[in-house]
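# Examining the three-dimensional arrangement
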Amino acid sequence: MASQSGGAPSAKVVMLGAQSVGKTCLTIRLVDGKFSENEMTTIGAAYKQKKVSERVLDIWDTAGQERYAAIAPLYYRGAQAAVIVYDVGNRKSFTKAGEWLKKLRAETDEDLVLGLASNKSDMPDNKRQVTEVEAEEYAKANNMIHYSTSAKTGAGVNELFEEIVTRLPSKKADTALKMGMPKTKSKSCC
């Protein structure tokens, strides 16, 4: 894939969540402005790039199946932001979002910008299993950005990523951070 950077600073963003919550569809909606009802299941991870404001986002869309959970840390290593996605019509996916958050906090930098995407927000209220109030309270308690999103309609998708960009610290060493290299070099030799 050709780089969209044109000299703009970049940031690694990882998409996490249970299987079939819409991580890939959100990524495609952001990057290509499209929606496909029958998107293929991600195997391992997929990579896309999108310039948002003056920042290039290197987006790693991870697989949600349990069998790939052990390799997820390879993808979120060195990330400056993570978006945890759940399906508003699937309570179990909301519970899984909490598990992803615990893993991230245990294995990443505390400066990580965290987003919670309540996806499939176009769903009728009578089919929802997680209320917006509940999600908002969870996000607030965990210092996360929260947006109701719909990959199908596009609602909230651009706004979520625009807010992530505004919260990313300005990095002098963006290129070193891109693939998980340390932020600063050690001053001692040992």
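Residues numbered from 1 in each chain as written. Predicted model: local features only at pLDDT ≥ 70, side-chain atom pairs only at ≥ 80, totals over all residues. Heavy atoms only, no water.

A few words now on the overall build of the protein chain. On a plain count of helices and strands, the protein chain comes out with 6 helices and 6 strands. Taken across its 190 residues, the protein chain has 47% of its residues classed as buried. Across the protein chain, every contact between residues at least 6 apart in sequence was considered, and the portion connecting residues at least 24 apart equals 72%. With the model as given, the accessible surface of the protein chain reaches about 10,200 Å², and the carbon-plus-sulfur share is 51%. (Helix = DSSP H or I, 4+ residues; strand = E, 2+ residues; numbered from the N terminus. Buried < 20%, exposed > 50% of the residue type's maximum accessible area, 1.4 Å probe, protein only. Contact = heavy atoms within 4.5 Å. Areas by Shrake-Rupley, 256 points an atom, 1.4 Å probe, with all protein chains shown as cover.)

This part is about the packing of helix α3 (residues 91-107) against helix α4 (residues 132-141). Packed helix pairs are specified by the crossing angle of their axes together with the interaxial distance, meaning the distance between the axes. For the pair α3 and α4, the least separation of the axes is 13 Å and the interaxial angle reads 5°. Overall, the two elements α3 and α4 adopt an arrangement that is roughly parallel. Along its contact with α3, which presents R91, F94, A97, G98 and L101, the element α4 presents E134, A135 and Y138. Across the contact of α3 with α4, the residue classes tally to 5 nonpolar, 1 polar and 2 charged. (Axes fitted to C-alpha atoms, helices over the stretch in contact; angles between N-to-C directions. Parallel < 35°, antiparallel > 145°, perpendicular 65-115°, else oblique. Nonpolar A, V, L, I, M, F, W, Y, C, P; charged D, E, K, R; others polar.)

Core analysis: the biggest nonpolar cluster contains 25 residues, and L57, V83, F161 and I164 have the highest contact counts within it. Of all elements in the fold, only β1 (10-17), α1 (23-32), β3 (55-62), β4 (81-87), β5 (113-119) and α5 (157-167) reach the threshold of two or more residues within this core. Residue contributions to this core peak at 5 residues, all from α5. Setting aside chain neighbours within four positions, we find F161 in contact with V13, M15, L30, V52, L57 and V83. (Core = buried A, V, L, I, M, F, W, Y, C linked by side-chain atoms within 4.5 Å.)

This part takes up unusual backbone geometry. At S20, a residue that is not glycine, the phi angle is positive and equals roughly 70°. Following the sequence through the fold, S20 ends up in the loop between β1 and α1.

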